Amino acid sequence: MGRVTQRRKVHKFVLDGSAQALEHPVRYREDFLAVEEPLEVRLGHMSFSVTMRTPGDDFDLVAGFLVSEGVIWDPAQLISLRFCAGEDENGVQTFNVVEAQLRPDVVLPETGRNVYTSSSCGICGTDSIEAVRKSSHFSPAGDPLSVPVGVLASLPDRLREAQAVFDKTGGVHAAGLFRIHDDGAAELLCLREDVGRHNAVDKVVGWALREGLLPLRGTVLQVSGRASFELVQKAALAGIPVLAAVSAPSSLAVELAQETGLTLVGFSRGTSLNVYAGSDRVGVPAASSDLRG
């Protein structure tokens, strides 16, 4: 998998009480780790952001990040993306700097903001919560999508089955974009993996932008992990009507979902799920429809 994974030798301690473990409690083995490296995003010659990410689909990541920051929302606004020169201590190209050329009429963000995002937090450089409450060009509120609850509950397993990097490392998040057809069937359009959950989502959104698919009406974004404020923000800015997570949402995520008209699902684990906002989009069997709160 190239720079996506890295081999490392480890000491494995086995404590299961077996005869083999008692005789050889420490074993030496090779493990695969998900790679985490910095990526600098430049707008022209201006340094805009540095994020810690898993290399791969970097152009999608940058495009999606610019959508999430409210800088662009149309593929015509993004003229080009290219890797800039950058070498490690051995003189090898790192591919860790991407320059985006934007259309001249695109309003550039404040140059003094200096956004830094770690692999665990995507809005650490933001001046305030109010600064990320951006108005979207694509409101999910009017999307008439209806998703059968059984289909919605099946998406985490569909996501997990497609996670090749997680299979090898156990150390990445995933975001999968599903198109919901008129018959209720879910089609996986795009899946991206990364050490940062926000990066995985940006890679999906960036792919959609570059494919000319925004706004992403009639879709569900299924993510591993929790549903944070920033993930709701990213989904809303891309016009995604439903965001589903396998773990809990935050209180601010629910608040933003309600404000933007986005359906927010948490603890989706195959046999049950919780809908925290926009339950009208979740289709339930007739016998159960009177149970909707």
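Scroll up to find the structure this text is about.
Residues numbered from 1 in each chain as written. Predicted model: local features only at pLDDT ≥ 70, side-chain atom pairs only at ≥ 80, totals over all residues. Heavy atoms only, no water.

Peer 1: Can you help me understand the nonpolar core in this one?
Peer 2: General note: in soluble globular proteins, nonpolar side chains tend to be found buried as a group. The biggest cluster of nonpolar side chains holds 51 residues, and the ones touching the most others in it are L66, I72, L102, L221 and L264. No other element matches the seven residues that helix α5 (residues 197-210) contributes to this core. Setting aside anything within four residues of it in sequence, one finds L66 in contact with L43, F48, V71, I72, A100 and L102. L145, L155, A186 and L273 belong to the second largest nonpolar core, which has 15 residues in total. (Core = buried A, V, L, I, M, F, W, Y, C linked by side-chain atoms within 4.5 Å. Buried < 20%, exposed > 50% of the residue type's maximum accessible area, 1.4 Å probe, protein only. Helix = DSSP H or I, 4+ residues; strand = E, 2+ residues; numbered from the N terminus. Contact = heavy atoms within 4.5 Å.)

Peer 1: Sorry if this is basic, but what is going on with the packing of aromatic side chains here?
Peer 2: Within a pair of aromatic rings, the relevant descriptors are the distance that separates the centres and the angle that separates the planes. Evaluated as defined, the whole model comprises three aromatic pairs. Seen from their ring centres, F48 and F65 are 5.7 Å apart, and the 50 degrees between their planes marks the pair as tilted. In this pair, F48 is assigned in strand β4 (residues 46-53) and F65 in helix α2 (residues 58-68), connecting sequence segments 17 residues apart. Judged by relative accessible area, which is 3%, F48 ranks as buried. Grouped by ring-pair contacts, the aromatic residues F59, F83 and F95 constitute a single cluster. K168 extends its terminal NZ or CZ atom over the ring of F32, reaching a point 4.5 Å from the ring centre. (Phe/Tyr/Trp six-rings, centres within 6.5 Å; stacked < 30°, edge-to-face > 60°. Lys NZ or Arg CZ within 6 Å of the ring centre and 35° of its normal.)

Peer 1: What's the story with the pairing of strand β12 (residues 242-245) in this structure? I'm lost.
Peer 2: Residues in a regular strand point their side chains to alternate faces of the sheet. Neither face of β12 is open: one carries V242 and A244, the other L243 and A245, and all of them are buried. Pairing of strand β11 (residues 219-223) with β12 involves four bridges; the strand directions are parallel. Each bridged residue has a counterpart across the sheet, and for V220 the counterpart in β12 is V242. The parallel pair β11 and β12 is bridged by helix α6 (residues 229-237), and the resulting crossover is right-handed. Relative to strand β13 (residues 263-266), β12 runs parallel, the two being bridged by three bridges. From the neighbouring strand, L243 faces β13, where its bridge partner is L264. With helix α7 (residues 251-260) bridging β12 and the parallel β13, this β-α-β connection has right-handed handedness. (Pairing = 2+ DSSP bridges. Right-handed = clockwise from strand over helix to strand, strands pointing away.)

Peer 1: Would you take a moment to explain α7 for this structure?
Peer 2: One turn of the α-helix equals 3.6 residues, which is why residues spaced by three or four share an orientation. All buried positions along α7 are accounted for by A253, V254, L256, A257 and T260. For α7, the angular spread of the buried residues around the axis is 165 degrees, confining them to a single face. Away from its buried face, by an angle of more than 90 degrees, α7 presents the exposed residues S251 and Q258. Buried positions along α7 lie against α6, β13 and β14 (274-277). Positive backbone phi, approximately 80 degrees, marks G261, located one or two places after α7. (Arc of directions from axis to C-beta.)

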